[in-house]
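# Chain and residue survey
These are the residues of each chain, in order.
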Amino acid sequence: MKKIILLAFASLMMNVMFAGEFISEKTESPVKHLNKVEFVQKVYNYEKNPDKWVYEGSIPAIVDFYATWCGPCKALAPVLEELAKEYSGKIVIYKIDTDKERELAAAFGISSIPTLLFIPAKGDPQIAQGALPKESLKRAIDEFLLEKK
């Protein structure tokens, strides 16, 4: 009986020791979650430039204003993950949790989620509301962000 308990304990310890390796093998999401400080650094410093849009990034971006409890936001999330992989190096996709970042949501007048902010490398951004289908998002990326005709 002691041998069985020792074997079970040893097996359990091996699983615990190797679990960290399996967890660390997960790939990092191509969609980046931002807080206010990161948003101001990477996207738009609305405190420094309250009257003028000045994009802080170098490549076009999409900012997804979402909430964890929002059904349409949950449906949109895997689509944005796919697009982030597909357009890797050409655009960046950010996510802002409106429950955690209420100041950011208020600064952009977010009253409905999901709300997507499409930001070209140069020029003014555009906003779209709702869980848009993947083909509509691809068209917006290609035509508005990447200026492909």
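Look up a bit, the structure's there.
Summary of the structure given here. (Residues numbered from 1 in each chain as written. Predicted model: local features only at pLDDT ≥ 70, side-chain atom pairs only at ≥ 80, totals over all residues. Heavy atoms only, no water.)

## Topic: the environment of Pro 120
Stated precisely, the cut-off is as follows: In this description a helix means any DSSP run of H or I spanning at least four residues, a strand means any run of E spanning at least two, and both kinds are numbered starting from the N terminus. Buried, partly exposed and exposed residues are distinguished by accessible area as a fraction of the type maximum, computed with a 1.4 Å probe on protein chains only: under 20%, between the cut-offs, and over 50%, respectively.
Positionally, Pro 120 belongs in the loop between β4 (115-119) and β5 (126-129). What makes Pro 120 buried here is its relative accessible area of 4%. Measuring from C-alpha to C-alpha, the distance between Pro 120 and Ile 91 comes to 9.0 Å, with 29 residues separating the pair along the chain.

## Considerations on the sheet that holds strand β2 (residues 61-66)
How we decide: Here, any two strands with at least 2 DSSP bridges between them count as paired. Only the stretch in contact is used when a helix axis is fitted, and all axes are lines through C-alpha atoms; the angle between N-to-C directions ranges over 0 to 180 degrees. Residues are treated as being in contact if the distance between any of their heavy atoms lies within 4.5 Å.
Judged by pairing direction, the sheet is mixed, and its five strands sit side by side in the order β1-β3-β2-β4-β5 without closing on themselves. A single partner strand is all that each edge strand has here, and the edge strands are β1 (31-33) and β5. When strand polarity is set aside, the average angle formed by the axes of neighbouring strands in this sheet is 25 degrees. Alignment of β2 against strand β3 (residues 92-97), held across six bridges, turns out to be parallel. If you follow Ala 61 over to β3, its bridge partner there is Val 92. This element, helix α3 (residues 71-86), spans β1, β2, β3 and β4 of the sheet and lies at about 155 degrees to β3.

## Quick notes on the packing of aromatic side chains
This is how the line gets drawn: Only centres within 6.5 Å qualify two rings of Phe, Tyr or Trp (six-membered ring in Trp) as a pair; their planes then separate them into stacked at under 30 degrees, edge-to-face at over 60, and tilted for everything else. Criterion for a charge above a ring: Lys NZ or Arg CZ within 6 Å of the ring centre, and within 35 degrees of the ring normal.
Summed over all chains, the structure comprises six aromatic pairs. Relative to Trp 53, the ring of Tyr 44 has its centre 4.5 Å away and its plane inclined at 35 degrees; by these criteria the two rings are tilted. This pair shows no difference in class: Tyr 44 is buried, exactly as Trp 53 is. Judged by centre distance (6.3 Å) and plane angle (70 degrees), the ring pair of Tyr 44 and Phe 108 falls under edge-to-face. Here Tyr 44 is found in the loop between α2 (36-42) and β2, whereas its partner Phe 108 is found in the loop between α4 (102-107) and β4, with 64 residues between them in sequence. By the burial criterion, Tyr 44 is buried, and Phe 108 matches it. Linked through ring pairs, Phe 39, Tyr 44, Tyr 46, Trp 53, Phe 65 and Phe 108 together constitute an aromatic cluster. Positioned above the aromatic ring of Tyr 66, the side-chain terminus of Lys 95 is 4.3 Å from the ring centre.

## Side note on α3
In plain terms, the rule: Expected span of a helix: the number of residues minus one, times 1.5 Å. The angle separating two fitted axes, one through the seven residues that finish at a residue and one through the seven that start at it, defines the bend at that residue.
Here α3 spans 24 Å end to end across 16 residues, near enough to the 22 Å set by a 1.5 Å rise per residue. Along α3, the largest kink reaches about 25 degrees and is centred on Ala 77; proline Pro 78 follows within four residues of it. For α3, the complete set of buried residues consists of Cys 73, Leu 76, Val 79, Leu 80, Leu 83 and Ala 84. Structurally, α3 contributes buried residues whose contacts are with β1, β2, β3, β4 and α5 (134-145).

## Points about the state of the cysteines
Selection rule: We call a pair of cysteine sulfur atoms a disulfide whenever their separation is within 2.5 Å.
A full pass over the atoms with the stated rule returns one disulfide. Bridging Cys 70 to Cys 73, the disulfide has an S-S length of 2.5 Å. Between Cys 70 and Cys 73, the S-S dihedral sits near 75 degrees, and the bridge is therefore right-handed. Here the two residues Cys 70 and Cys 73 agree in accessibility, since each one is buried.

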